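Spelled out from the first residue to the last, the chains are:
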Amino acid sequence: MASISRSGSAHWQGGGKDGTGSVSTQSGVLKEAPYGFNARFGDGRGTNPEELIAAAHAGCFTMALAFQLAGANLTAERMDTSAKVGMDQVEGGWKISRVALTLKAKVPGCDEATFRKLAETAKANCPVSKVLNAEITLDATLEA
């Protein structure tokens, strides 16, 4: 069986609320991107783990759906997916409890039932869905 390994890193200085940090990815697409308390829990400048998870989940799901469509001899003209990560304060801290995927797609030759089945299969089987211990919903729209 094949195996793939990717990496990211974080650097932090200071306390939880007053500290600052940066995140980087192996590919270099993110290189010392700033993050901190205000970017995570407020509207401060920088990124945060939750928006990175949202982007990763949207990308993973959309690519998984492209493969599902290809298996059904279909090709998307376009697919636009957003992911909204919900975090709740629970006893002992915070928990990512849900992800809402919203997809708008144009897939010539695809009927609604096939589209929904393939989208649900992609949602259930994309690697990011599998790693998250959260409720994951999907609102998928097939456009004419």
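Heads up: the structure comes first, above all this text.
What this report covers is the structure whose coordinates are included nearby. (Residues numbered from 1 in each chain as written. Predicted model: local features only at pLDDT ≥ 70, side-chain atom pairs only at ≥ 80, totals over all residues. Heavy atoms only, no water.)

**Some points on the sheet that holds strand S5 (residues 93–106)**
Right, on to step 1. Across the sheet, three strands lie side by side as S4-S5-S6; this open sheet has mixed pairing. Two strands in the sheet have a free side with no partner beyond their single neighbour: strand S4 (78–90) and strand S6 (135–142). The average undirected angle you get between the axes of adjacent strands in this sheet is 15 degrees.
Right, on to step 2. Of the pairings in the sheet, the one linking S5 to S6 comprises eight bridges and is parallel in character. Pairing of Lys104 across the sheet is with Thr141, part of S6.
Right, on to step 3. In the packing of helix H2 (residues 49–71) onto the sheet, contacts are made with S4, S5 and S6, and the angle to S4 comes to roughly 140 degrees. (Pairing = 2+ DSSP bridges. Helix = DSSP H or I, 4+ residues; strand = E, 2+ residues; numbered from the N terminus. Axes fitted to C-alpha atoms, helices over the stretch in contact; angles between N-to-C directions. Contact = heavy atoms within 4.5 Å.)

**Topic: the pairing of strand S1 (residues 8–13)**
Right, on to step 1. With respect to burial, S1 is a largely exposed element, only zero of its six residues being buried.
Right, on to step 2. Direction of pairing for S1 relative to strand S2 (residues 20–25): antiparallel, over a ladder of six bridges. From the neighbouring strand, Ser9 faces S2, where its bridge partner is Ser24. (Buried < 20%, exposed > 50% of the residue type's maximum accessible area, 1.4 Å probe, protein only.)

**Notes on unusual backbone geometry**
A negative phi angle characterises most non-glycine residues, just as the trans form characterises most peptide bonds.
Right, on to step 1. One non-glycine residue, Glu32, lies in positive phi territory at about 55 degrees.
Right, on to step 2. Topologically, Glu32 is positioned in the loop between S2 and strand S3 (33–36).

**Topic: the layout of surface pockets**
If a probe the size of a water molecule is rolled over the atoms, the empty space left behind becomes visible.
Right, on to step 1. By volume, the largest pocket is sized at about 200 Å³.
Right, on to step 2. Lining the largest pocket we find Ile4, Arg6, Thr25, Ser27, Val29 and Leu30.
Right, on to step 3. Each residue belonging to the lining of the largest pocket can be placed in one class, and the counts come to three nonpolar, two polar and one charged.
Right, on to step 4. The computed volume of the second largest pocket comes to approximately 170 Å³. (1 Å grid on protein atoms, 1.4 Å probe; cavity = no way out; pocket = protein on both sides within 12 Å on 5 of 7 lines; lining within 4 Å. Points joined across faces, edges and corners; volume = space filled by probe spheres on them. Nonpolar A, V, L, I, M, F, W, Y, C, P; charged D, E, K, R; others polar.)

**Topic: the environment of Thr141**
Right, on to step 1. Along the chain, Thr141 falls in strand S6.
Right, on to step 2. Residue Thr141 is classed as partly exposed on the basis of its relative accessible area, which comes to 29%.
Right, on to step 3. Through-space distance from the C-alpha of Thr141 to that of Ser7 is 33 Å; in sequence the pair is 134 residues apart.
Right, on to step 4. For Thr141, the residues in contact, after removing those within four places along its chain, are Leu103, Lys104, Ala105 and Phe115.

**Things to note about the pattern of salt bridges**
Right, on to step 1. Applying the stated criterion across every chain yields a total of six salt bridges.
Right, on to step 2. In this structure, Arg98 engages Asp88 in a salt bridge whose closest nitrogen and oxygen atoms are separated by 2.7 Å. Here Arg98, found in strand S5, pairs with Asp88, found in strand S4; they are ten residues apart in sequence, far enough to count as distant.
Right, on to step 3. A residue is classified by how much of its surface remains accessible, and Asp88, at 30% relative accessible area, is partly exposed. (Salt bridge = Lys/Arg side-chain N within 4 Å of Asp/Glu carboxyl O.)

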